[in-house]
Amino acid sequence: MELMQEMAEDAWQVEALYDLCFAPGRKALSSYRLRDDVPPVPAFCSVVKDDDGIVGGAIRCWPIRIEDHDALLLGPVAVHPTRQGEGLGGLMIRDVLARAEAAGWPRVLLVGDAPYYERFGFKRLNGVVMPPPTNPARVLGFGPWAGVRGRVRKRLDALPD
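Residues numbered from 1 in each chain as written. Predicted model: local features only at pLDDT ≥ 70, side-chain atom pairs only at ≥ 80, totals over all residues. Heavy atoms only, no water.

1. Considering helix H2 (residues 88-102)
So the rule is basically this: A run of H or I in DSSP counts as a helix once it spans at least four residues, and a run of E counts as a strand once it spans at least two, with each numbered from the N terminus. A helix is expected to reach a length of 1.5 Å times the quantity of its residues less one. Relative accessibility under 20% of the residue-type maximum defines a buried residue, over 50% an exposed one, and the middle range a partly exposed one, all with a 1.4 Å probe and only protein chains included.
Helix length check: H2, at 15 residues, gives a terminal C-alpha distance of 21 Å against a target of 21 Å (1.5 Å per residue), a fit within 8%. All of the buried residues along H2 are Leu 88, Gly 89, Gly 90, Met 92, Ile 93, Val 96, Leu 97 and Ala 100. Positive phi appears at Gly 104, one or two residues downstream of H2, with a value of about 90 degrees.

2. Some points on the pattern of salt bridges
Just so we agree on the cut-off: Any carboxyl oxygen of Asp or Glu within 4 Å of a side-chain nitrogen of Lys or Arg constitutes a salt bridge here.
Counted by the stated rule, this structure contains 12 salt bridges. The closest approach of N and O atoms between Arg 33 and Asp 36, which form a salt bridge, is 2.9 Å. Among the residues examined, Asp 36 registers a relative accessible area of 30% and is labelled partly exposed. Note that Arg 99 and Asp 95 form a salt bridge whose closest N and O atoms lie 2.8 Å from each other.

3. Some details on the nonpolar core
Note the following rule: What makes a nonpolar core is a set of buried Ala, Val, Leu, Ile, Met, Phe, Trp, Tyr and Cys residues whose side-chain atoms join them at distances within 4.5 Å. In what follows, residue pairs with any heavy atoms lying within 4.5 Å of each other are defined as contacts.
If you look at the biggest cluster of nonpolar residues, it comprises 24 residues, and the most contacted ones within it are Phe 44, Leu 72, Leu 74, Ile 93, Leu 97, Tyr 117 and Phe 122. Elements with a contribution of two residues or more to this core: strand E3 (55-66), strand E4 (69-79), H2, strand E5 (108-111), helix H3 (114-117) and strand E8 (139-142). At six residues, H2 tops the list of elements feeding residues into this core. Leu 72 has contacts with Val 41, Phe 44, Cys 61, Trp 62, Pro 63, Ile 64, Ala 100, Trp 105, Arg 107, Val 108 and Leu 109, leaving out every residue within four places of it along the chain.

4. Things to note about the side chain of Arg 107
Just so we agree on the cut-off: His is not counted here, nor are the chain ends, while Lys and Arg score as positive and Asp and Glu score as negative. Here a polar contact is recorded for every N or O atom pair within 3.5 Å, except that within protein the pair must consist of a potential hydrogen donor and a potential acceptor, and residues adjacent in sequence are included only if both atoms are side-chain atoms.
Within the secondary structure layout, Arg 107 lies in the loop between H2 and E5. It is Asp 70 that comes nearest to the buried, bridge-free Arg 107 among opposite-charge side chains, at 6.5 Å. A distance of 3.3 Å separates a polar side-chain atom of Arg 107 from the backbone oxygen of Asp 70. Those residues within four positions of Arg 107 in sequence are excluded, and the remaining contacts are His 69, Asp 70, Ala 71, Leu 72, Phe 142, Pro 144, Trp 145 and Val 148.

5. Quick word on unusual backbone geometry
Of the consecutive residues Gly 75 and Pro 76, the connecting peptide bond is found in the cis state with omega at 0 degrees. Considering the arrangement of structural elements, one finds Pro 76 in strand E4. A positive phi angle, close to 65 degrees, is found at Asp 37, a residue other than glycine. Along the chain, Asp 37 falls in the loop between helix H1 (11-22) and strand E2 (46-49). Exposure remark for Asp 37: the relative accessible area of 74% places this residue in the exposed category. The phi torsion at Glu 67 lies on the positive side, around 55 degrees, for a residue other than glycine.

Structure (structure tokens):
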């Protein structure tokens, strides 16, 4: 498996993988309201492919804003059921976090299971409010979140370089 940036021609495989892992109803989740009409940040959208070019895992990130603070919304991240347990999810998450911080995006937010994501440095965020009906215990952040409070909103303006 090789980790690489997602390309336009990968989109159909990535969407099929997300449907397989999360079911087609995934787009009804509240986090998708932050993705509507907003393109993901290409630099932080990756796939892992086998030697035949088959996508075995995918991760995407989206620009968001909490009051005057910029952040990335990590997810979805998915690994094909036949490739789970190989460390691909962790590989993609660690890669995105390192590249995001180096590119000036130190804050990353996700909605997920704390016991899994804590190993990557994510912690529960108090005072950061996702669109309802998100369970506040699943709102997790990586990076410098001290003093950041408010509603999470989609970011529609131009992204910083």
